[in-house]
Amino acid sequence: MDFKLRRPLEASSNASSSMMSEISRNLKPGLPFIPCDSTNICYGARQEQSFSEFPPPQVTQCHGLYAREQKTETKNQLEPSSAVNDLVMDWNPRLMLSNLSFLEQKIHQVQDIVRSIISQEGRANELAAQQQLVTADLTYIIIQLISTAGTLLPNIKNALLSATPPVAQTGVVANLPVNASQKHHEVLSVELAKASEYDELIKDLNSGGEGDELIKCLNNSVAEVSESIPIEDHDIKDYDDGMDGENLPPGSYEVLQLEKEEILAPHTHFCLICGKGFKRDANLRMHMRGHGDEYKTAAALAKPSKEASSEPAIIRRYSCPFVGCKRNKEHKKFQPLKTILCVKNHYKRSHCDKSYTCSRCKTKKFSVIADLKTHEKHCGRDKWICSCGTTFSRKDKLFGHVALFQGHTPAIPMDDAKVSGMSDHVQVGETTNGMVANMGYNFSGNASDDAQSLDIKDVDDGQGYFSPMNFDACNFGGLDEFPRSAYDVSESPFSFLSTGTCSFIPRNGEN
Amino acid sequence: MAESGDLFRRIRGRDGFTTVALDLFSTTANPSPCSYSGSAKRLRIGDAIPAAVVAEEDRHDLVDSLSEEILFLILDRLESDPLDKKSFSLVCRSFYAAESRHRRALTPLLSDLLPAALARYPLASRLDLSLCPRITDAALASVRGALRSSLRSIDLSRSTGFSQAGIGNLAVNCAALVEINLSNATDLSDAAAAAIGRSRNLERLWLARCKMVTDMGIGCIAVGCQKLRLLCLKWCLGISDLGVGLVAVKCKRLRTLDLSFMPITKKCLPAVLQLPHLEDLALVGCLSIDDEGLISLKQECKSLQVLDMSNCQHVSHAAFSSVLNKAPGLRQMTLAYNCLVTHSLASSLQKLSKLRCIRLDGSEVTTSGLGTIANSCKSLRELSLSKCSGVTDEGLSSIVMKHKGLVKLDVTCCRNITDFSLASITSSCNSLTSLRMESCTLVSKEGLRLIGQHCHLLEELDLTDNDLDDEGLRAISGCQKLCILKIGICLKIRDEGLIHVAKSCSKLQEIDLYRSIGITDTGVMAIARGFPLLQTINLAYCTGITDDSLRSLSKCSNLYTLEIRGCPQVSSLGLAAISVGCQKLTNLDIKKCYHVNDAGILFLACFSQNLRQINLSYCSVTDVGLLALASVSCLQNMTILHLGRLTPSGLAAALLACGGLTKVKLHSSFKPLVPKPLLKHIEARGCVFQWRDKPFQVELEPSEVWKQHSQEMHVE
């Protein structure tokens, strides 16, 4: 939790006008006592999305931006503290003092506003606006206060952790503001107004994240993380991806390992009264309503907030129970899995039989039913075939393939005989081509690791391995949560490199 | 050797050939090969023919002793008229054999002639089948068998009846094929396209209106035929961005690309513009291309010389400007039927230093736009503003004053220009060779006189529907290089004016006198005498002419198009004279020549064996005449409306007998009367029927009334 507490402080110093929304968004899960307004709840939910395996409730991207209209007046006061705030990860009393004095000023401001409300009673419009202003300011003050207090915590904790934690902390801290700003930017882009101004602010933020003070304590991996996150990309997934992966230093998280039976169990949530099992907690809660009125209260029906909210959150990562798997904690190059859902999908894909067969083509098999459903959406519909025998679900992919490879032609269904005669011969070459290409990507990204990754090729599901994005973007594409993103998203002429190779190489294996 | 003597006598009638043949005799006495190549001395007809006839045996030996090489050199000089070669081959066996081996291009007039032609010309490399409406797979197989190694070019654009397999086999087996025209093969499938893709050496391919070909088919062609230099995909509605994009990626040697009327969008344009050698690009009527796509283009196409973006209705002038900026080497630009041509568009021409030709037909132009064109371009050679609205004297003058080198100018239907424009055109552009100004109604007869007085280099002049009078014609007689003169609907001209022109413009090949009611036999006689090279004459609705005109025209042996529609004084006698005299006659329109009957048609059928197109509506022709026409084996196109004495059975017999018909216009009242199976049979031979339901209208409208009506229609 300590990281989170410090994040808003830093953000506030850099992006004065946008800080309100950020703070409320980032801090909310940990601060149940902040006066509730709809915006904050909204962002709380949003925040949770990245940590929870539950599908996020519908996010209303509406607001939390009212702060930017009223904060301009405080801009001047904020600026002096910005340089100091960069130092926030190392606690010092001076900083604390400056923060406190700033808070004092802030309180005076609120006082002024309240006075003015008293003096001009009766005008409903202004009153509402000013109330809102006061609420916002008070919220801000509270957050600031808590975060200032929070700066004390890491120092205590640092002493307890192993030798590496400073690196770990800075890594995460450097990373978060950037992501926060991205999120904020995403919201902003909905309302086009003042877009450019906000872009500038975000740049400020980024440079702040990589500022001199920071860099001195960053190691290479951290720098890599913060640089590799595309700033223009507002996709919320990036945030999640950034949290995961090999760059999270060992020891900075708690590793859980579920048993095989637990993973394969159909239900994970059980009714304490009747014992009925559910896949989703929400379904269980709906079920519980039938057991009596006490389960119908808002509190009982509400999504259980993180019970650890008031304590520092421990980052949990998961290990695959299959010994020898790269996702197993005993593995030399252990790469933890992020959520329970990841564990389940990974275990089923990599270590279980593929029991679901496509009803259309009768050849493709899957172990995760969602994968089957995705495949069935495309299977059999408009098979686009190359003379080399490779099939594509989309014509543009076929044409991209034909454009790239010399001598390959689109195959006309009418002369099937000729095509099949040719295909055997060409397919061999094609397969090896694909392999070489993939290995090429692999080496370039991960030269020290080549033998290792060749090993896991058989074990792993191949998604992350074959994607060229894999190492370039710090394994963002290889996450198990988004195994199919590469199939549908990319539009560039070379996109089939990721999709094509992903899709057809396993198939060749089966043939 | 009586036979060859007989043949030789037949040749003798042909002046052009006899000269060459005698040339040959004169030089055999002193056989030095080089003398053939230069302008060899030529004996006059008068002294040589008797010598040849007398020494028939000697001549025979001489002819046989000529080497093939020499005969080839002679044949090289006989390209101008196809009949010359025919005559040459009839001289003797060795000439026949030499001609068979010399000829490279075959254009069979009938499908039935194809086997014989293939047998006779084993080395033909170009096969034009555009006159053969029906080409079966068997015919293609025989082509494949006969010309397997030599065939380089084949034109099937007007033919039907062959299947995918037929064309596929041809493409695969004739390895030397460089050029295929498959336009209008609307049922050509992807499989056939894939087969075409296997002829690796293909350089030029036309697939216009091959609507069944999809991206897959063109993809196969793109991958297979990487030597393509010319590709026409006009109206290929099945091909999208993907196919065109692949063509652009694979066929890097493309020079000419026609993407007109295709459903392509901006997505394929970057790849197309990156073709390193692209010179000629046509994007006519690509309605899916819009401003956004063009403005966002980043690629620059330095090699592009000719660009045609007519009829792109969703493209504004801003986008055109951005495209023009991408093609600095442009020489010719066509933006017809588009948008407003404004100052901003015109100013983007400034960077195009090589621009020589601008065509803005049917656009809306402004005076300032024309002024900017005048100032932006370096030196224009060709300008077409036909049917443009907004062309003013000021705008046009600013251009012609600046670009004195203008060679071709088209201001058809620019109805606002006056004598002022004409004065500036004639005073500055003295090198004009082509001036078209149909329906420039504000120009006075005095203005028109300026043309003849100043533009002496004119070769083509179109003054249709103007205020031209005999004085104007007298001035035009100063243009001695004139080849084409169109003075239809100039109601003021009389015989006197024509006599002036006929005296001086001896090179005239085409004259249009449509509705020149003042013309009589005297004028036509002057034409026939004055224009020995005349090929095309339109005398439609010249009600004053009689059989005498036709008799005098029969002296024009090159005549191949004759229109005497609505000349009621013409009878079968005149037609007979034409038939005998003008044996090259190809197109004949005798609609509403009420006195032409079977007698005239019988002559026609007997002598005009080259006739391809005829309009017989309203004539007094019966079954007999129509059936006689069947003996004209080349006949392709007939219009037979309102033939009062024609019976259904006579029509059926005639249709059956004319084997080469491709298009027949008939009155719809005949449709139920002719047996359906017969119609189907004829359609299967490659003929298209057009059923018309026009009312019967005997009386001719006087030309003054007609003009009045047409002007009223225009005002509306």
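Here the structure is a predicted model, which means the values were calculated and not measured. (Residues numbered from 1 in each chain as written. Chains lettered and ligands numbered in written order. Predicted model: local features only at pLDDT ≥ 70, side-chain atom pairs only at ≥ 80, totals over all residues. Heavy atoms only, no water.)

Caption draft 1: Looking closely at the overall build of chain A. The helix and strand tally for chain A stands at 25 helices and eight strands. Across the 511 residues that make up chain A, the buried fraction comes to 46%. In the form shown here, chain A has an accessible surface area of approximately 25600 Å², with 58% of it arising from carbon and sulfur atoms. (Helix = DSSP H or I, 4+ residues; strand = E, 2+ residues; numbered from the N terminus. Buried < 20%, exposed > 50% of the residue type's maximum accessible area, 1.4 Å probe, protein only. Areas by Shrake-Rupley, 256 points an atom, 1.4 Å probe, with all protein chains shown as cover.)

Caption draft 2: Representation of the overall build of chain B. Looking only at helices and strands, chain B features 32 helices and 26 strands. Scored against the burial criterion, the 716 residues of chain B give a buried share of 55%. Considering only contacts in chain B between residues 6 or more positions apart, those separated by 24 or more positions represent 72%. Accessible area for chain B stands at about 29200 Å²; split by element, carbon and sulfur atoms hold 54% of it. (Contact = heavy atoms within 4.5 Å.)

Caption draft 3: Main features of the environment of B:V306. Along the chain, B:V306 falls in strand β9 (residues 306-308). Residues within four places of B:V306 in sequence aside, it is in contact with B:E279, B:D280, B:L281, B:L330 and B:Q332.

Caption draft 4: Region of interest: helix α17 (residues 340-351) of chain A. All names here are of chain A. With twelve residues, α17 extends 16 Å between its outermost C-alpha atoms, agreeing within 8% with the 16 Å of an ideal straight helix rising 1.5 Å per residue. When you tally the buried positions in α17, you get nine out of twelve residues, the bulk of the element. Among all positions of α17, only C342, V343, K344, N345, H346, Y347, R349, S350 and H351 are buried. (Expected span 1.5 Å × (residues − 1).)

Caption draft 5: Here's a closer look at the UniProt feature "domain: C2H2-type" (unreviewed entry) in chain A. In this structure's numbering, the residues bearing the UniProt feature "domain: C2H2-type" (unreviewed entry) are residues 269-296 of chain A. Here residues 269-296 of chain A runs as 29% helix and 14% strand, with 18 Å between its end C-alpha atoms. (UniProt positions renumbered as here; feature names shortened; annotations may be inferred.)

Caption draft 6: Up close: the packing of aromatic side chains. All names here are of chain B. Taken as a whole and judged by the stated rule, the model has eight aromatic pairs over all chains. A centroid spacing of 6.2 Å and a plane angle of 15° characterise the contact between F603 and F607, whose relative ring orientation is stacked. Of this pair, F603 and F607 both sit in helix α28 (residues 598-607), separated by four residues, roughly a single helical turn. Taking 5.7 Å as the distance between ring centres and 20° as the angle between the ring planes, the aromatic pair formed by F689 and W691 counts as stacked. Judged by relative accessible area, which is 9%, F689 ranks as buried. With relative accessibility at 22%, the residue W691 sits in the partly exposed group. Above the plane of the ring of Y541 lies R515, whose end atom (NZ or CZ) is 4.0 Å from the centre. Note that R515 overlies the ring of W706, its terminal NZ or CZ placed 4.1 Å from the centroid. (Phe/Tyr/Trp six-rings, centres within 6.5 Å; stacked < 30°, edge-to-face > 60°. Lys NZ or Arg CZ within 6 Å of the ring centre and 35° of its normal.)

Caption draft 7: Geometry of the interface of chain B and chain A. Contacts between chain B and chain A engage 17 residues on the former and 19 residues on the latter. Taking both partners together, chain B and chain A bury about 1300 Å²; carbon and sulfur atoms supply 74% of that area. Viewed at the interface, chain A and chain B are joined by one salt bridge. A salt bridge links A:K395 to B:D215; the shortest N-O distance between them is 2.8 Å. Looking at the side of chain B that touches chain A, the elements that each hand over two or more residues are α12 (190-196), α13 (215-224) and α14 (241-250) of chain B. The dominant element in the side of chain B that touches chain A, judged by the number of residues it contributes, is α13(B), at six residues. Here the residues of the side of chain B that touches chain A sort into eight nonpolar, five polar and four charged. (Buried area = accessible area lost by both parts, 1.4 Å probe. Salt bridge = Lys/Arg side-chain N within 4 Å of Asp/Glu carboxyl O. Nonpolar A, V, L, I, M, F, W, Y, C, P; charged D, E, K, R; others polar.)

Caption draft 8: How the structure looks around the packing of helix α27 (residues 572-581) of chain B against α28(B). All names here are of chain B. Running from N to C, α27 and α28 point in directions that differ by 5°, and their axes come no closer than 8 Å. Classified by the angle between their axes, α27 and α28 sit roughly parallel to one another. In this structure, α27 uses S572, L575, A576, S579 and V580 to contact α28, whose residues at the interface are A599, G600, I601, F603, L604 and F607. A per-class count over the contact of α27 with α28 returns eight nonpolar, three polar and no charged. (Axes fitted to C-alpha atoms, helices over the stretch in contact; angles between N-to-C directions. Parallel < 35°, antiparallel > 145°, perpendicular 65-115°, else oblique.)

Caption draft 9: Fine view of the pattern of salt bridges. Residues and elements named next belong to chain B. Under the defined criterion, the tally for this structure stands at 22 salt bridges over all chains. Salt-bridge contacts for K302 lead to E300; the nearest nitrogen and oxygen are separated by 3.4 Å. For K302, a relative accessible area of 62% puts it in the exposed group. Take E300: its relative accessible area is 40%, and that puts it in the partly exposed class. Each of E99, R103 and R120 takes part in one network of salt bridges that share partners.

Caption draft 10: Examining a nonpolar patch on the surface more closely. A cluster of nonpolar side chains, contributed by B:V580, B:F603 and B:F607, occupies part of the molecular surface with about 230 Å² of accessible area. Its relative accessible area of 30% is what places B:F607 among the partly exposed residues. (Patch = residues over 30% accessible without salt bridge, like charges linked within 9 Å, V, L, I, M, F, W, Y side chains within 5 Å.)

Caption draft 11: Structural detail: unusual backbone geometry. The phi dihedral of B:N311 falls on the positive side, at around 60°, and the residue is not glycine. Looking at the secondary structure, you find B:N311 in the loop between β9 and α17 (317-326).

Caption draft 12: Broad picture of α28(B). Residue and element names in this part refer to chain B. For α28, the complete set of buried residues consists of D598, G600, I601, L604 and A605. Projected down its long axis, α28 shows its buried positions confined to an angular sector of 155°, all on one face. Buried residues in α28 make contact with α27, β22 (587-589), β23 (613-615) and α29 (623-629). (Arc of directions from axis to C-beta.)

Caption draft 13: Geometry of the side chain of A:S367. Residues and elements named next belong to chain A. For S367, the position within the fold is in the loop between β6 (365-366) and α18 (369-378). Side-chain polar atoms of S367 contact the backbone oxygen of K348, separated by 2.8 Å. At 3.5 Å, the side chain of S367 and the backbone nitrogen of R349 are in polar contact. Setting aside chain neighbours within four positions, we find S367 in contact with K348, R349, D353, K354, S355 and Y356. (Polar contact = N/O pair within 3.5 Å; in protein donor to acceptor, adjacent residues only side chain to side chain.)

Caption draft 14: Region of the structure containing the nonpolar core. Residues and elements named next belong to chain B. Ranked by internal contacts, the top residues of the largest apolar core, which has 210 residues, are I154, I373, L553 and L629. Ranked by residue count, the leading element in this core is α13, at six residues. Counting twelve residues, the second-largest nonpolar core is a separate cluster that includes L78, V91, C92 and A98. (Core = buried A, V, L, I, M, F, W, Y, C linked by side-chain atoms within 4.5 Å.)

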